[in-house]
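Below, each chain spelled out in residue letters.
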Amino acid sequence: MNEKAILAGVQLNSNDTAFDYSMQELHELAVACELEPVGQITQKLPRVNNKYVIGTGKIDELLAMLTEKEASIIIFDEELSPMQIRNLEEKLGCDVVDRTMLILDIFSKRAKTRESQLQVEVARLKYMLPRLVGSRESLGRQGGGVGLTNRGSGETKLELDRRKIEERIAKLNKELADVVDQRHIQRKKRQKNEQLIVSLVGYTNAGKSTIMNTILDRSDGAEEKQVFEKNMLFATLETSVRHIKLETNKEFLLTDTVGFIDKLPHHLVKAFRSTLEEVTEADLLVHVIDCANPNHEQHRQLTNDILQQIGAEDIPMIYAYNKADLAEVAFPIVQDDTIYMAAKQSGIKELLQLISDHIFQNEKRYEMKFPYSEGQLISYFNEHGRVLSEEYEEDGIRMVVECSEKMARKYEKFEVSPT
Ligand SMILES: Nc1nc2c(ncn2[C@@H]2O[C@H](COP(=O)(O)OP(=O)(O)OP(=O)(O)O)[C@@H](O)[C@H]2O)c(=O)[nH]1
Ligand SMILES: [Mg+2]
């Protein structure tokens, strides 16, 4: 049976819908952590109470609710200071956690690749570090309290003093650097192939992985290539890359990325920056938005802010307003660089057309001549550029191909100068 939890939040100056939505999201985060939210306490305040976050009157209400609902944990929507956690736990006699801890917990449970595991571990330790202040007792509680996975292991964490944690962070960072190097090598290989890269980006649960899978279905449909999609926050934690070949024989690489969320712990933003690096190398971004979500405009802005932070703001972008079937919007409709669609019903064909219009717009026809000794290049062009015609001549093959400028530039020396 899942542990029962009560959600708590302070409404500062945000409007009602944004606040309600944030609490709703906290609910979903709690469920994703295998907790069962059984009640909620909110309060409008001009600013957060330093000592107890909420006012003392509300604390009494919380105490009553704890007993009535038999809950054993309280989750605050705002990031709590070490002091606040200690004060609240003393006063309420139960575990107190915040949104950041939930997110760290979800990430640590779902991280699959060595890289993301290392990233999450570093983020957790960094979050823990400033919380190792105060009495020995609180040190143990705090250490154990970071992330729900480790709850109860306070005893062992007690021995980890500040320096040891710092050493561990340094060690993990070193290992992380090696893993990232490895990935860079992989990526270089891809670049060598001059492949065009399209990245799906956007808020968590918008439908990025679903769009990827639907495109894969149309491409060659191999089951094992499908990525994980689910109606839960942070279904995807790793970037996956898939090769897409269109009916027109044109090709590109499609990457699915980790979704963004409001109030993402900044240690995690930093930790995931390297995963998101791939995004900065894309030739085109497809920004997926759940248009049935009442807060989609905020999600759009937040995603654009993060894209700017990671240096991806100059990459051309198209907007895919997904889940139009759940909103009162007609679909599929394409307006300039925006498409309204429903990944599970229709619009994928139109989306692919829009993607093609962007990434293949630089494609031109080139006439090339390859000596017979360049057999590999000949098959390379057959696979990757589209060969419109070929003529076998004495000293080589003369081909008219349609390919990107990027690719043509690389094989410039084989180009037949127009006479
Ligand atoms: N009704 C409807 N549901 C959709 C549509 N597209 C995706 N979904 C559902 O939305 C949920 C989330 O989809 P995902 O593809 O996992 O979302 P994501 O953007 O990859 O999410 P993260 O990996 O968490 O960032 C799933 O339950 C999908 O079945 C759509 O067009 N209409
Ligand atoms: Mg996903």
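The present account deals with the structure reproduced in this document. (Residues numbered from 1 in each chain as written. Chains lettered and ligands numbered in written order. Predicted model: local features only at pLDDT ≥ 70, side-chain atom pairs only at ≥ 80, totals over all residues. Heavy atoms only, no water.)

Moving on, we get to the sheet that holds strand β1 (residues 3-11). Across the sheet, which stays open at both edges, the four strands sit in the order β2-β1-β3-β4 with parallel pairing between neighbours. The open sheet terminates on both sides in strands that have one partner only, identified here as β2 (35-44) and β4 (95-98). The mean inter-strand angle of the sheet, taken between neighbouring strand axes irrespective of direction, is 25°. Examined bridge by bridge, β1 and strand β3 (residues 73-76) share four bridges and lie parallel to one another. What sits directly across from Ala5, in β3, is Ile73. Packing against the sheet, helix α3 (residues 82-92) makes contact with β3 and β4, and its axis sits at approximately 145° to β4. Relative to the sheet, helix α4 (residues 99-110) contacts β2, β3 and β4, its axis offset from that of β4 by approximately 80°. (Pairing = 2+ DSSP bridges. Helix = DSSP H or I, 4+ residues; strand = E, 2+ residues; numbered from the N terminus. Axes fitted to C-alpha atoms, helices over the stretch in contact; angles between N-to-C directions. Contact = heavy atoms within 4.5 Å.)

Going through the model one piece at a time under the given rule, you end up with seven aromatic pairs. With a centroid separation of 5.1 Å and an interplanar angle of 50°, the aromatic rings of Phe370 and Phe414 are classed as tilted. Taken as a pair, Phe370 in strand β12 (residues 364-370) and Phe414 in the segment after α15 (405-410) lie far apart in primary sequence, 44 residues in all. On the numbers, 6.0 Å between centres and 90° between planes, the contact of Tyr380 with Phe381 is edge-to-face. Of the two residues, Tyr380 and Phe381, both sit in the buried class. Among the aromatic residues, those joined into a ring-pair cluster are Phe370, Tyr380, Phe381, Tyr411 and Phe414. (Phe/Tyr/Trp six-rings, centres within 6.5 Å; stacked < 30°, edge-to-face > 60°. Buried < 20%, exposed > 50% of the residue type's maximum accessible area, 1.4 Å probe, protein only.)

Any functional reading would require information that these geometric values do not contain.
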